[in-house]
Amino acid sequence: VHSCKKTADNNVPACIVNAIAEANTNQMVDSMQKRQFHGKEVYLFINSKCCDMTSPVYDAQCSKLCDLGGFAGNMNCEGENFETASVYISTVWKK
């Protein structure tokens, strides 16, 4: 990532690093967490600035698994409550 923003984890897939670079220009995305979900590492891009916007969850191949939050407050991802079914690993990037 070519910016002043810090990444706490250097073992991040290239497609996620590219997504972080794009998030640096998106005023709605604040940070990105690595989490454990269904036995795999996933990446949650957190949008905390606006209740109408969602926070997408991607796997290590950059396939979108779900969108969390938004106006409806959705917490369902692949049939489970993401908040209770996932485990926080680290904050990989923060503005």
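Before reading further, recall that the structure is shown in the block above.
Residues numbered from 1 in each chain as written. Predicted model: local features only at pLDDT ≥ 70, side-chain atom pairs only at ≥ 80, totals over all residues. Heavy atoms only, no water.

K.L.:
Sorry if this is basic, but what is going on with the state of the cysteines here?
P.N.:
Linking two cysteines covalently through their sulfur atoms gives a disulfide. Taken as a whole and judged by the stated rule, the model has two disulfides. Here C15 is linked by a disulfide to C62, with a sulfur-sulfur distance of 2.2 Å. Between C15 and C62, the S-S dihedral sits near 105°, and the bridge is therefore right-handed. Within this pair, whereas C15 is found in helix α1 (residues 14–23), its partner C62 is found in the loop between β3 (54–59) and β4 (64–69), the two being separated by 47 residues in sequence. A residue is classified by how much of its surface remains accessible, and C62, at 25% relative accessible area, is partly exposed. Each sulfur of the disulfide joining C66 and C77 lies 2.2 Å from the other. Measuring handedness by torsion sign, the sulfur bridge of C66 and C77 sits at about -100° and is left-handed. Here the residue C66 occupies a position in strand β4, and C77 occupies one in strand β5 (residues 76–77), the gap between them amounting to 11 residues. For C77, a relative accessible area of 1% gives the class buried. Bonded cysteines in the protein chain are paired 1-2, 3-4 when counted in the order they occur along the chain. (Disulfide = S-S within 2.5 Å. Helix = DSSP H or I, 4+ residues; strand = E, 2+ residues; numbered from the N terminus. Buried < 20%, exposed > 50% of the residue type's maximum accessible area, 1.4 Å probe, protein only.)

K.L.:
Would you mind going over unusual backbone geometry with me for this structure?
P.N.:
Peptide bonds are mostly trans, and most non-glycine residues show a negative phi. In this structure, C62 is a non-glycine residue whose phi angle is positive, near 65°. Phi is positive for E78, which is not a glycine, with a value near 50°. Tracing the sequence through the fold places E78 in the loop between β5 and β6 (80–81).

K.L.:
So what exactly am I meant to see when it comes to the side chain of N47 here?
P.N.:
As for its placement among the helices and strands, N47 is situated in the loop between β2 (40–46) and β3. Taking relative accessible area as the criterion, N47 reaches 10% and is therefore assigned buried. Ignoring anything within four residues of it in the chain, the contact list for N47 reads M28, D30, M53, T54 and S55. (Contact = heavy atoms within 4.5 Å.)

K.L.:
Teacher, can you tell me more about the side chain of D59 here?
P.N.:
Looking at the element boundaries, D59 is found in strand β3. Side-chain polar atoms of D59 contact the backbone nitrogen of Q61, separated by 2.9 Å. (Polar contact = N/O pair within 3.5 Å; in protein donor to acceptor, adjacent residues only side chain to side chain.)

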